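Residues per chain, in single letters:
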Amino acid sequence: MHWLNLAVVVLRNERKLTQKDLAKSVGCSPNTIANLERGSTNIKFETIEKIIDILGYEFDIHKKEKP
């Protein structure tokens, strides 16, 4: 399982949301959420951003500084 898949599962469960609840908020099917959590689908970055936002977090990428 990829870190993002695991993060979605953990954060969704912390919010006490079902896959169906999250899917409805995101505007996708429950199967999309299930597939994401299993790591068996490619998902649009915009959808990932929506999911993270709904779960109360930000998705932020920073360039690593060289040691």
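Residues numbered from 1 in each chain as written. Predicted model: local features only at pLDDT ≥ 70, side-chain atom pairs only at ≥ 80, totals over all residues. Heavy atoms only, no water.

**Q** Honestly, the nonpolar core in this entry has me stumped. Any pointers?
**A** The nonpolar side chains of a soluble globular protein tend to be buried, and buried together. Core analysis: the biggest nonpolar cluster contains twelve residues, these being L4, V8, L11, L22, A23, V26, I33, L36, I48, I51, I52 and L55. Listing elements by their share of this core, those giving two or more residues are helix 1 (3-14), helix 2 (19-26), helix 3 (30-38) and helix 4 (45-54). L55 has contacts with V8, L11, R12, R15, L17 and L22, leaving out every residue within four places of it along the chain. (Core = buried A, V, L, I, M, F, W, Y, C linked by side-chain atoms within 4.5 Å. Buried < 20%, exposed > 50% of the residue type's maximum accessible area, 1.4 Å probe, protein only. Helix = DSSP H or I, 4+ residues; strand = E, 2+ residues; numbered from the N terminus. Contact = heavy atoms within 4.5 Å.)

**Q** Any chance you could explain the confidence of the model for the chain here in plain terms?
**A** Low-pLDDT portions of the prediction should not be read for the details of their coordinates. With 99% of its residues at a pLDDT of at least 70, the chain reaches an overall mean of 90. No element of the chain has a lower mean pLDDT than helix 4, at 92, and none a higher one than helix 2, at 97. (pLDDT = per-residue confidence, 0-100.)

**Q** Which parts of the structure should I look at to understand the side chain of E37?
**A** Along the chain, E37 falls in helix 3. Among the polar contacts listed, one links the side chain of E37 to the side chain of R12, at a separation of 2.6 Å. (Polar contact = N/O pair within 3.5 Å; in protein donor to acceptor, adjacent residues only side chain to side chain.)

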